[in-house]
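Summary of structural features
One letter stands for each residue in the lines below.
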Amino acid sequence: MNSKDAMYSWHLSLRVDRPVEGCSIRPHAYMYGKKLDDRDSSTNNSTHNKVCREPPPNHEFSYRWFRGPTIEPCAYEGCPRRTSFSPHDWSKHALGGSGCSLQCVSAQSSLYKATFCNSDCFVKAWKTQYTIQNSSDTNGNNIPQARSSTPLRKRTGSYCDDDRSVGSSNSGNDVNYIPATPGEISVNGGNSNNGNNTTMNNPYSAQSSEDEWIEISRDQLYIPHTEDIGRKLKVEAAAYSVDSGELLMHRVVKTDLVLSRTPEPEKRNLVTAKPAGGGGARFRIVTYNILAEIYATQQQYPYADLWALSWDFRFQNIIREIVDVGPDIVCLQEVQADHYESHLYNAMHEAGFEGVYKQKTRQAMGMTGKVDGCALFWRRTKFHLVESYSIEFNELAQRQVTQGMGLNPRSEEGASILNKLSKDNVAQLVVLETAQPSMTRGNREPNQVCIANTHLYSNKDCPDVKLWQTLHLLQELETFIMARGPANLPLMICGDFNSTPDSAVYDLLSRQLVHPGHPDVNTGDENGPSVLPDIMSITHSHMLGSVYNTVLGEEPKFTNYTMQFKGVLDYMWYSTRNLRPLSAAPIPDESVLTRHGDALPSTQYSSDHLMQISDMQIVSGGSR
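Report follows, based on the coordinates. In this text the structure is predicted, and so the values were computed from the model without any measurement. (Residues numbered from 1 in each chain as written. Predicted model: local features only at pLDDT ≥ 70, side-chain atom pairs only at ≥ 80, totals over all residues. Heavy atoms only, no water.)

Some remarks on the state of the cysteines
As enumerated under the stated definition, the model contains zero disulfides in all. For the unlinked cysteine Cys79, the closest cysteine sulfur is that of Cys117, found at 3.6 Å. (Disulfide = S-S within 2.5 Å.)

What follows is the structure, encoded as structure tokens:
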């Protein structure tokens, strides 16, 4: 094939996530072309795969959504999924790890053509089946038929093939057929371009049994409603030339059954601390690593359903979980920049909160906004914002190398230290003032509180970097608070410290120092250049206590619960001079966490971390 006879194969890919009530779904449509050589020139044409003499032109998509008829999800009468469409019952955990539906293909069985949601239901139903009469030949002799106890597996899931789509069985029979516009395609049958009623040419009429499909939307985005639950949806994507308006290709896929909203989780009860008299303003604060979408992958969490990892599904669970506990201050980590703008800020603002955001200092992972950071919210009727600052640890590293160590950042030593310390982590710092100042016996009580929110470096092999970040965060907070006068400002430091209670980070925060023999400060030369100061200089003046350790007598067993790691990484620290923890919500037991999944995230808990909750009180006079 010479260059002037070059041919191109056009392909239209269309995928849609599993729909769940109230969670927006967006088709993933992509059209691309590939230059063919002699070996590939025999590619078959279809509505979403064809050979042309030119590469695909600039194009845009139009969409149509349809709601299907009610169907029986499982033929086994004892299956809970016959009546329940809760995400809990349709997760791979509930289905025993099976991602396939099954259909009985034994013509002699009473279960012939019956469909089951998983192999367990088929096995149970098979015990109740009976054999029907064999077929006979023209002489009346029985013809034995093969009896099979092995069902035919049918692919299910979000990656739908066109053999599951209406019209797909004939999609390749008339390669010249291209509908003029999506609006001319009839669900219940329609006319082709030449005016004849042609079933073969109508992509929606190949399966006459599916005559109950109703068009419900022509928007790209669709949010399933209550009436969609238990039914399948169907989406058509049609690609049109931007210049000529010509329909280039189209494709239709079905979704899985629409699931209902996730049931509300069990309420987390608060354990109260030993009562103490006096005190000023009270507030409820939470800290929560919500797992950014860029990290919520099937490779990282293979035990979780793909649809349960999608941001639109997890966002609904996360925002409900946060709002339901009635917080006044919310510290969040792993908040993706684009999701803060498109989802989180608006939802929190509608719930009565105002907030600020600081993304990590690295570049986005792919498209704009694909980078995570920290978000801090406060209830508007409870607090007013007085000051807001952000801390970039990369900037602190640059300052240490140039000013603290007097090194040229481009020198070998300076570049090596900067490379080790520049991990893009950030912290937020706000000063909030109560909207209604507390008054006691005519005296004005302290009514301001400083909140710091951070997410430290995650690499377990770099404890010295985490300790360096913690030390410099505490130093920045010291400078900030001391600059505001002799009256100490109440301080809370919340976040994901990526450090367990036996770490040097925990020791520094809780004890104001680190033991010289701690392994985190004796990492050796193989861990790169030394970045920590003399051990006697690793200290600070804050008197801090851990909220959970103070109220419950110990840290939780875990705040991060995955198959790879189970332990405590998240903390709420408070200044013991002028803050008092009144209560804390214990972390749920493992039996609760694993009820709907092997680990987190699951259909119930949409992050791999668990939210910490506490009621705090501002106190005066230096008493606790």
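There is more to say, and it comes next.
Notes on the nonpolar core
If you look at the biggest cluster of nonpolar residues, it comprises 46 residues, and the most contacted ones within it are Phe283, Ile285, Leu332, Leu344, Ile451 and Met492. Dropping the residues within four chain positions of it, Met492 is found in contact with Phe283, Ile285, Cys450, Ile451, Ala452, Val547, Met572, Trp573, Tyr574, Leu579 and Met616. (Core = buried A, V, L, I, M, F, W, Y, C linked by side-chain atoms within 4.5 Å. Buried < 20%, exposed > 50% of the residue type's maximum accessible area, 1.4 Å probe, protein only. Contact = heavy atoms within 4.5 Å.)

Focus: the pattern of salt bridges
In total, this model carries 23 salt bridges according to the counting rule given. Note that Arg595 and Glu266 form a salt bridge whose closest N and O atoms lie 2.7 Å from each other. Linking Arg595 in the loop between helix H11 (590-593) and strand E29 (612-618) with Glu266 in the loop between strand E12 (247-257) and strand E13 (271-272), this pair joins segments that are 329 residues apart in sequence. Glu266 gets classed as partly exposed once you look at its relative accessible area, which sits at 49%. With a shortest N-O distance of 2.5 Å, Glu392 and Lys358 are connected by a salt bridge. With Glu392 in strand E18 (residues 383-392) and Lys358 in strand E16 (residues 353-359), this residue pair connects regions lying 34 residues apart in the sequence. (Salt bridge = Lys/Arg side-chain N within 4 Å of Asp/Glu carboxyl O. Helix = DSSP H or I, 4+ residues; strand = E, 2+ residues; numbered from the N terminus.)

Let's talk about the environment of Lys232
Topologically, Lys232 is positioned in strand E11 (residues 231-241). When the C-alpha atoms of Lys232 and Phe66 are compared, they prove to be 8.6 Å apart, with 166 residues separating the residues in sequence.

Focus on the sheet that holds strand E15 (residues 329-336)
Note on sheets: strands pair through backbone hydrogen bonds, and any given pair is parallel or antiparallel. An order of E13-E28-E29-E14-E15-E17-E16 is seen for the seven strands of this open sheet, with the pairing classed as mixed. The open sheet has two free edges, formed respectively by E13 and E16, since each of these has just one partner strand. Across six bridges, the pairing between strand E14 (residues 282-289) and E29 is antiparallel. Counted as the bridge partner of Thr287 is Gln612 from E29. Along the sheet, helix H5 (residues 337-350) makes contact with E15, E16 and strand E17 (372-379), crossing E16 at roughly 165°. (Pairing = 2+ DSSP bridges. Axes fitted to C-alpha atoms, helices over the stretch in contact; angles between N-to-C directions.)

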